[in-house]
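Summary of structural features
Take a look at the letters that make up each chain.
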Amino acid sequence: MRQKLSKLTLAILSATSLNFAASVSAQEAEIDPQVNNETEIEVIQVTGMRSSLTTALAEKRETANLVEVIMATDIGKLPDQNLAEVLENVTGVQITRTAGIGTGVQIRGSNANRVEINGASTVGSGSGRSGMNFEDLSAAIIAGVEITKSPEAKTTEGSIGGTVNLRTIRPLELTETLGSLRLQGEDSSLTTDGVQPRFSGAYGDNWELDSGKFGFVISGSYAKQEATSFRPRVDRDGSLVENVNADVYRSGTLEDQATKRPAAQDFDFLGIQFLNQELENFEYETTNIATTLEFAPNDNTKFFFDAIITSQERRQESTRVQGSGVNSVLNYTLPSQFETINFGSLDGVNLGSIQAATRGTIQPINSVDDDDPNLRFNSDTGARVTDTEVFRFGGEWQGNNLFVSAELSTANSDTVTPSLNTQLNFINPNPLTPLDGSSNDNSVPFIYDLTGDSLAFGIDFASPFAPTVDDLLNPNNVVLDQVDISRSSTDNSENAFRTDFTYFIDESMITSVDFGYRYNETKHSAVSISDRIGGFSKMVDSPNGALFSELLVAGPSHFGDADGRELALRNFLIINPDLAFNDPDGVLATLEAAIVAHGGNQDFSNLTPSDTAAFKIKEETHALYAQANFEYKMFRGNFGVRHISTDIASTGNTVVNGVATPATNKGDYSYTLPRLNLVADVTDDVVLRLGWGKDILRPNFGDLNTSVSFGTNENQSVEIGNAGLEPEEVTSFDLSAEWYFAEAAVVSIGYFKKERTNLFVTQLESAAIDANGWREPGPTCAGGGIYNPAVQPNAIGDPNTTGLCVDVETLFNDTATTTQSGIEMAVQYDLSSFEEDLGWASGFGIVANYTIQEYKGGSAFYTSASRGTDILNAIQGVYDDANFVTYSSERGLLDFSENAYNVAVYYEKFGLSARLRYTWRDAFRTEDTAAGASLNSTLGFPVVTHDRGQLNASVSYDVDENLNLGVEAVNLTESDITQSCVNEGAMLCAQGITDRRITFGISYKF
């Protein structure tokens, strides 16, 4: 028999269940018939934060599988403003941020999760599989969030970490008219556009009609948001200066130390390779509408219709100021101060230490290079404009022993990503830097100070080569180097039908059987359109800024305001980002007119998509499941199996000798996914859980793209997607214990393990070579590779034929296994039961969690880039490239932190509600670096983002039962981001100087 909930717990549930939130229904708990509910249950009236925590905890306790629940404290009031940051409250969840805004969510170390709304699938804005971007949906229209960590057989497949279900308000659950308005303003400490507005509201009610009960809810929100971060980056990857005694051999030739590296010392050191100052700025404008209609003609039947419509414009106005060409004087420039960099170890191999520059100046040396170093100004102006719709229509019927539901759902996402990025070269008018017209560079001196874990640099105005501030802001002193234009688009959709049945069995250990069928058709269509004007390398081809001066404005000058740095690049010109965004065609026309007026080697835009720029994917999946639900004494749970069958068609163009031929490649796969969940209600207070099951992760749509262009070069490998790529497989195991030691309180600990196989890996498959040294002529290419019908063989094939098997680079399924495992701990407690003893102090409570996890296995590796190989071999005393060895590390998981925790302390009493939350995550590896540094510029390995904590806070006050005033702060202490190359604490590569966001507002209920 089920364990009985205490009277007080039942009372709290009845008093605190939010009108719009799905919670445990009273009939689910067995109530002692000897108890008179009306007279013997003491109703504890709690609202707000404590109410939401209590309701969520009660729902989690009653589930048959491992689920985490977050409920809104009030209408449109989840714990945080951003959905990604809402999920960060959950044990085992970590997030990544873009300019301080939560965008990516890792559940148990994995980005591969599934997002649903009211159980219906959502689709994303790109080629990924996870579903809707969290930044596209306002938390203001969401009533609750459910994260399924241990799936049941009826749970839709497609997740490695977990399934996130976002719930909206259900109108037939309303007990009174719902009405709410909320007005807010948000201010960011690093932006210059002032307070950004936010509006949200909801209205709903239900009515008893002659034909039944009808309910209606509509909620909506509009928000503008701006987020900025300063991201300085210094590259020291190609900056090796070998010691004066080293015999340096390159390609068998001994380098002459005296002429090649006169700055050499009696020790190896790293100088400066590249300087980059990035100001990352994003502006968000988001509109969301959610509405639900429900109609119950009788107590046994209900029909529903959900509609969620979102529109988001994410606008980027970022700038980069670069010090390039610095390495041209590297061997002739001696830093004034050094530090010892210890690169640590990779996969058990000690990499050793080296000296590196931390202070100094970089001066032009005309006798070595007459036009470097160089100063460049970049303006990155782009957008992601996404319109998303999710519709869901269905009904349900409850008979004596049979429950039936059916629904149709459709999700669509249309995205365009226009961009117009420009690069200007500064031409230094200083008389000591004469022009020779051979390049776009003109010697600018720099000064740098990398001490104190800060990457600070600027123009050395004390140098005789330095330009003046007026020079830097003069349009005559810049020339157009290049323009990058994009007009790409992506369309995603999923149409689904499902029907579910539950048959209830009386007086049996098997209490019910669930079974059902789901069909979905998923489509992805992408067109990549881009072009580059210029890349002009000579003054003779580069139009002067005077020819397009109406487009030029001074760049942002507040870089460094967050940390008070004196060294920064603050005076420069850029193409007006507002014009580039609002009138890209006009800006492009002005720049092309300047190219014509200037003359020289001219280049103009061509936005006609190439023959291989577009592709389409269509998938059809049939899924059947059956699941038995059981309950015997203290045990309950379910076991079942889900079977899926998927057919894939990938349509693209095959281009041979300039002729494009449409081609459709097909693939298919089937999987049977068993799943088990077992719960033991050991005592009234202790719950044990076990979960085991299998799931799959489908490849991203871009991995299935089979558009391909065949060239005539016999040595050129062909890059192509793989329509036959099968999903990754994951086997999950969960074991946890929960102790509900007080009302609305819990301590829990859990262990999880996930084994993944059939991994997606990029592989170069070589074509076979016969005894003559020739490649296989094809067309079957039985020995490997792919048949290229356009090749005209020369050295490795019969020159009298056309067509040859060549190497192919594509994705394959790797049989290697990886393992993710970890321990999750959580505690929730408040002092409300001690009101008589503590008085006002009884309003305090705490919610905390801690996760420790590890990742093992896989066969993929990162390998040191050529510059990194130079440095790491020099550390070992090897200076002859013929004897170089490369260094490698297991690829592992990106954005994966081994340790993370959250601690939230809250107070709620006398109409006052306050919360202080500190979030911390361990270091993790990522390829998201300042200004898009490539692996080549980070020695061949992902950078390591250091461990980081962030403090958020909120305070609100109920003026009366209808009016509430509140203020919230994100990143209260302005915690910055630090990134190192190779290992944490090794070579400082980049920083992220982040903002503090303050939101204040007023809410009114009616």
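Quick note: structure is the one above.
Residues numbered from 1 in each chain as written. Predicted model: local features only at pLDDT ≥ 70, side-chain atom pairs only at ≥ 80, totals over all residues. Heavy atoms only, no water.

Focus on the overall build of the chain
Counted only if it meets this: By definition, any uninterrupted DSSP run of H or I lasting at least four residues is a helix, any uninterrupted run of E lasting at least two residues is a strand, and each is numbered from the N terminus. Our radius of gyration is a C-alpha quantity, and the globule rule it is checked against amounts to 2.2 Å times the number of residues to the power 0.38. Each residue is assigned to one of three classes by its accessible area relative to the maximum for its type, calculated with a 1.4 Å probe on protein chains only: buried under 20%, partly exposed between the two thresholds, exposed over 50%.
When helices and strands are counted, the chain shows 10 helices and 54 strands. On C-alpha atoms alone, the chain measures out to a radius of gyration of 31 Å, which is about the 30 Å that the 2.2 N^0.38 rule sets for 1006 residues. Dimensions of the chain, computed from the C-alpha atoms along their principal axes, are close to 100 × 70 × 55 Å. Here the chain, with 1006 residues, has 55% of them falling under the buried criterion.

A short note on the side chain of T869
Quick reminder of the rule: In the analysis that follows, any N or O atom pair within 3.5 Å is treated as a polar contact, provided that within protein one partner can donate a hydrogen and the other can accept it, and provided that, for residues neighboring in sequence, both atoms belong to side chains. By definition, residues are in contact when any of their heavy atoms lie within 4.5 Å.
Of note, T869 is situated in helix α10 (residues 866–875). Here S864 takes part through its side chain, which lies 2.8 Å from a polar atom of the side chain of T869. Residues within four places of T869 in sequence aside, it is in contact with S864, F884, V885 and T886.

Some remarks on unusual backbone geometry
Cis peptide bonds are those with omega within 30 degrees of zero, and the linkage from D372 to P373 qualifies with 0 degrees. Even without glycine at this site, N118 takes up a positive phi of about 55 degrees. Following the sequence through the fold, N118 ends up in the loop between β4 (114–117) and β5 (120–121). Positive phi is not limited to glycine here, since F910 has a value of about 55 degrees. Within the secondary structure layout, F910 lies in the loop between β46 (899–909) and β47 (912–921).

Thoughts on the packing of aromatic side chains
Each aromatic ring pair is described using two quantities: the centre-to-centre distance and the angle formed by the ring planes. We count it as follows: For this analysis, a ring pair means two rings from Phe, Tyr or Trp (six-membered ring only for Trp) whose centres lie within 6.5 Å, classed as stacked if their planes differ by under 30 degrees, edge-to-face if by over 60, and tilted for the remaining angles. The criterion is that NZ of a Lys, or CZ of an Arg, lies within 6 Å of the ring centre and within 35 degrees of the ring normal, and then a charge sits over that ring.
Enumeration according to the criterion identifies 23 aromatic pairs in this entry. With 5.7 Å between their ring centres and 35 degrees between their planes, F377 and F572 make a pair best called tilted. One end of the pair, F377, is in strand β21 (residues 374–398); the other, F572, is in the loop between β28 (552–554) and β29 (573–575), with 195 residues separating them in the sequence. Across this residue pair, the class does not change: F377 and F572 are buried. The rings of Y850, Y901, Y918 and W920 are connected pair by pair, giving a single aromatic cluster. The positively charged end of R129 is found above the aromatic ring belonging to F701, 4.1 Å away from the centroid. Directly above the ring of F910 sits K909, whose terminal nitrogen or CZ lies 5.5 Å from the centroid.

A few points about the sheet that holds strand β35 (residues 718–719)
Backbone hydrogen bonds hold the strands of a sheet together, and the pairing may be parallel or antiparallel. For the record, the criterion: DSSP calls a pair of strands paired once it identifies at least 2 bridges connecting them.
Read from one edge of the open sheet, three strands run β35-β41-β38, paired in mixed fashion. Looking at strand neighbours, the two that pair on one side only are β35 and β38 (759–765), the edges of this open sheet. Sheet topology places β38 next to strand β41 (residues 808–814); seven bridges connect them, and they run antiparallel. The residue of β41 that forms the bridge with V761 is F812.

Quick word on the sheet that holds strand β6 (residues 144–148)
As a reminder, the rule being used: Axes here refer to lines fitted to C-alpha atoms; in helices the fit is confined to the stretch in contact. Angles between the N-to-C directions go from 0 to 180 degrees.
Strand order across the open sheet formed by five strands is β1-β6-β7-β4-β5, with mixed pairing between neighbours. The sheet terminates laterally at β1 (67–71) and β5, the two strands that pair on one side only. Seen against the sheet, helix α3 (residues 48–62) touches β1, β6 and β7 (163–167) and runs at an angle of roughly 160 degrees to β1.

With respect to the pairing of strand β25 (residues 478–504)
Where strand β22 (residues 402–426) and β25 come together, 25 bridges link them in antiparallel fashion. If you follow L420 over to β25, its bridge partner there is I485. Of the strand pairs in this sheet, β25 and strand β27 (residues 530–534) are connected by five bridges, and their pairing is antiparallel. In the sheet register, S486 faces β27, and the bridge partner there is S530. Taken together, the 16 bridges between β25 and strand β26 (residues 510–527) define a ladder with antiparallel strand orientation. By the bridge assignment, F497 is partnered in β26 with Y519.

Focus on the environment of L254
Relative to the elements of secondary structure, L254 occurs in strand β13 (residues 253–254). As a C-alpha pair, L254 and N378 span 124 residues in sequence and 39 Å in three-dimensional space. Dropping the residues within four chain positions of it, L254 is found in contact with D247, V248 and Y249.

Concerning the side chain of T415
Tracing the backbone through its elements, the reader meets T415 in strand β22. A polar contact is formed between the side chain of T415 and the side chain of T386, at a distance of 3.0 Å. Once residues lying within four places of it in the same chain are set aside, the contact partners of T415 are S125, R384, V385, T386, S488, S489, T490 and D491.

Description of the pattern of salt bridges
Put simply, the rule reads: Salt bridges, as used here, are contacts in which a Lys or Arg side-chain nitrogen is within 4 Å of a carboxyl oxygen on Asp or Glu.
Under the counting rule described, the total for this entry stands at 60 salt bridges. Between D237 and R867 there is a salt bridge, with its nearest N and O atoms 2.8 Å apart. Taken together, the positions of D237 in the loop between β10 (212–235) and β11 (240–241) and R867 in helix α10 put the pair 630 residues apart, joining distant regions of the chain. Looking at D237, the relative accessible area reads 1%, which means it is buried. The partner of E521 in a salt bridge is K618, and the shortest N-O contact between them spans 3.6 Å. You can see E521 sitting in strand β26 and its partner K618 sitting in strand β30 (residues 614–632), a full 97 residues away along the chain. Take K618: its relative accessible area is 35%, and that puts it in the partly exposed class. Among the charged side chains, a salt-bridge network with shared partners connects D80, E85, E88, R97, E186, R198, R915, R917 and R997.

Things to note about the state of the cysteines
The condition is simple: In plain terms, two cysteine sulfur atoms within 2.5 Å form what is called a disulfide here.
What the rule picks out here adds up to two disulfides. There is a disulfide in this structure between C781 and C805, and the S-S distance comes to 2.1 Å. Measuring handedness by torsion sign, the sulfur bridge of C781 and C805 sits at about -100 degrees and is left-handed. On the criterion of sequence distance, the pair formed by C781 in the loop between β38 and β39 (786–788) and C805 in strand β40 (residues 804–806) is long-range, its members being 24 residues apart. By the burial criterion, C781 is buried, and C805 matches it. Here C981 engages in a disulfide with C989; their sulfurs sit 1.8 Å apart. Judged on exposure class, the residue C981 and its partner C989 are both buried. Should the bonded cysteines of the chain be numbered as they appear in the sequence, the pairing reads 1-2, 3-4.

Things to note about helix α8 (residues 584–598)
The condition is simple: Expected helix span is computed as 1.5 Å times (number of residues minus one).
In this model α8 runs 21 Å from its N-terminal to its C-terminal C-alpha over 15 residues, within 8% of the 21 Å that 1.5 Å per residue would give. If you follow the buried residues of α8, they end up packed against β22, β25, β27, β29 and α7 (577–582). Phi for G599, located one or two positions after α8, is positive at around 85 degrees.

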